[in-house]
Amino acid sequence: MDQTLAKFQPIALSLFRFITGLLLLQYGIAKIFKFPVLPYFANIPPLITVAGTLELVGGALLLLGLFTRPVAFILAGEMAFAYFMGHMFKGADPVFLPLLNGGTAAILFCFSCLYLSTSGGGPISLDTILRKKS
């Protein structure tokens, strides 16, 4: 069974990168362009604007598979920062459990991007196409 599914691993990696980029891109669009209109992104502070810009640009680059490794590394750092600053230390006392502080997505994005920074974008990416041309 392992060998049967193993041949799909490169394609699954490209799909994983694409979906991760798409999901991050939606957060960037919501924060920067206010679409869709969400109350918690209505009047965002400058730090969240920077995060939204990183998610918008980085999500688009991941979607395309361009500069995958460095972009994913930057986004992994941003998501770790988002977890600690925006979720764990949101109130007066730190709340460690992601289920209680709403930080589950930030942790998942952090480790997804960390994985992509080590594995690359997969065979269906602009990185691969550009590497083949040179």
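What comes next concerns the included structure. (Residues numbered from 1 in each chain as written. Predicted model: local features only at pLDDT ≥ 70, side-chain atom pairs only at ≥ 80, totals over all residues. Heavy atoms only, no water.)

Observations regarding helix H4 (residues 68-88)
Phase 1 of the analysis: For H4, spanning 21 residues, the distance from its first C-alpha to its last is 28 Å, which sits close to the expected 30 Å at 1.5 Å a residue.
Phase 2 of the analysis: Along H4, the sharpest kink reaches roughly 25 degrees, centred on Ala82.
Phase 3 of the analysis: Inspection of H4 places Thr68, Val71, Ala72, Leu75, Ala76, Glu78, Met79, Tyr83 and Met88 among the buried residues, and these make up the whole buried set.
Phase 4 of the analysis: Looking at the buried side of H4, the elements it contacts are helix H2 (9-33), helix H3 (46-64), helix H5 (98-101), helix H6 (104-119) and helix H7 (126-133). (Helix = DSSP H or I, 4+ residues; strand = E, 2+ residues; numbered from the N terminus. Expected span 1.5 Å × (residues − 1). Bend = angle between axes of the 7 residues up to and from the residue. Buried < 20%, exposed > 50% of the residue type's maximum accessible area, 1.4 Å probe, protein only. Contact = heavy atoms within 4.5 Å.)

What about unusual backbone geometry?
Phase 1 of the analysis: For the peptide bond that leads from Phe35 to Pro36, omega is -5 degrees, which places it in the cis range.
Phase 2 of the analysis: Its location among the elements puts Pro36 in the loop between H2 and H3.
Phase 3 of the analysis: In this structure, Lys34 is a non-glycine residue whose phi angle is positive, near 55 degrees.
Phase 4 of the analysis: Among the secondary structure elements, Lys34 is positioned in the loop between H2 and H3.
Phase 5 of the analysis: Residues other than glycine seldom take positive phi values, yet Phe67 does so here, at roughly 55 degrees.
Phase 6 of the analysis: Looking at where Phe67 falls in the secondary structure, it is placed in the loop between H3 and H4.
Phase 7 of the analysis: We classify Phe67 as partly exposed; its relative accessible area is 49%.

Brief notes about the nonpolar core
Phase 1 of the analysis: Leu24, Leu62, Leu75 and Cys113 are the most contacted members of the largest nonpolar core, which totals 14 residues.
Phase 2 of the analysis: If you list the elements that add at least two residues to this core, you get H2, H3, H4 and H6.
Phase 3 of the analysis: No other element matches the 5 residues that H4 contributes to this core.
Phase 4 of the analysis: Residues within four places of Leu75 in sequence aside, it is in contact with Leu24, Leu54, Glu55, Gly58, Gly59, Leu62 and Cys113. (Core = buried A, V, L, I, M, F, W, Y, C linked by side-chain atoms within 4.5 Å.)

Concerning a nonpolar patch on the surface
Phase 1 of the analysis: Together, Leu15, Phe18, Ile19, Leu22 and Leu23 make up an exposed nonpolar region whose accessible area comes to about 410 Å².
Phase 2 of the analysis: Relative to the helices and strands, Leu22 resides in helix H2.
Phase 3 of the analysis: Taking relative accessible area as the criterion, Leu22 reaches 38% and is therefore assigned partly exposed. (Patch = residues over 30% accessible without salt bridge, like charges linked within 9 Å, V, L, I, M, F, W, Y side chains within 5 Å. Areas by Shrake-Rupley, 256 points an atom, 1.4 Å probe, with all protein chains shown as cover. Salt bridge = Lys/Arg side-chain N within 4 Å of Asp/Glu carboxyl O.)

A closer look at the packing of H4 against H6
A pair of packed helices is characterised by two quantities: the angle between their axes and the separation of those axes.
Phase 1 of the analysis: Their axes nearest at 7 Å, the elements H4 and H6 cross at an angle of 160 degrees. By the angle between their axes, H4 is roughly antiparallel relative to H6. Relative to H6, the crossing made by H4 is left-handed. Packed against H4, whose contacting residues are Thr68, Arg69, Ala72, Phe73, Leu75, Ala76, Met79, Ala80, Tyr83 and His87, the element H6 presents Ala106, Ile107, Phe109, Cys110, Cys113, Leu114, Leu116, Ser117, Thr118 and Ser119 at the interface.
Phase 2 of the analysis: Taken together, the residues that form the contact of H4 with H6 break down as 14 nonpolar, 5 polar and 1 charged. (Axes fitted to C-alpha atoms, helices over the stretch in contact; angles between N-to-C directions. Parallel < 35°, antiparallel > 145°, perpendicular 65-115°, else oblique. Left-handed = near helix turned anticlockwise from the far one by under 90°. Nonpolar A, V, L, I, M, F, W, Y, C, P; charged D, E, K, R; others polar.)

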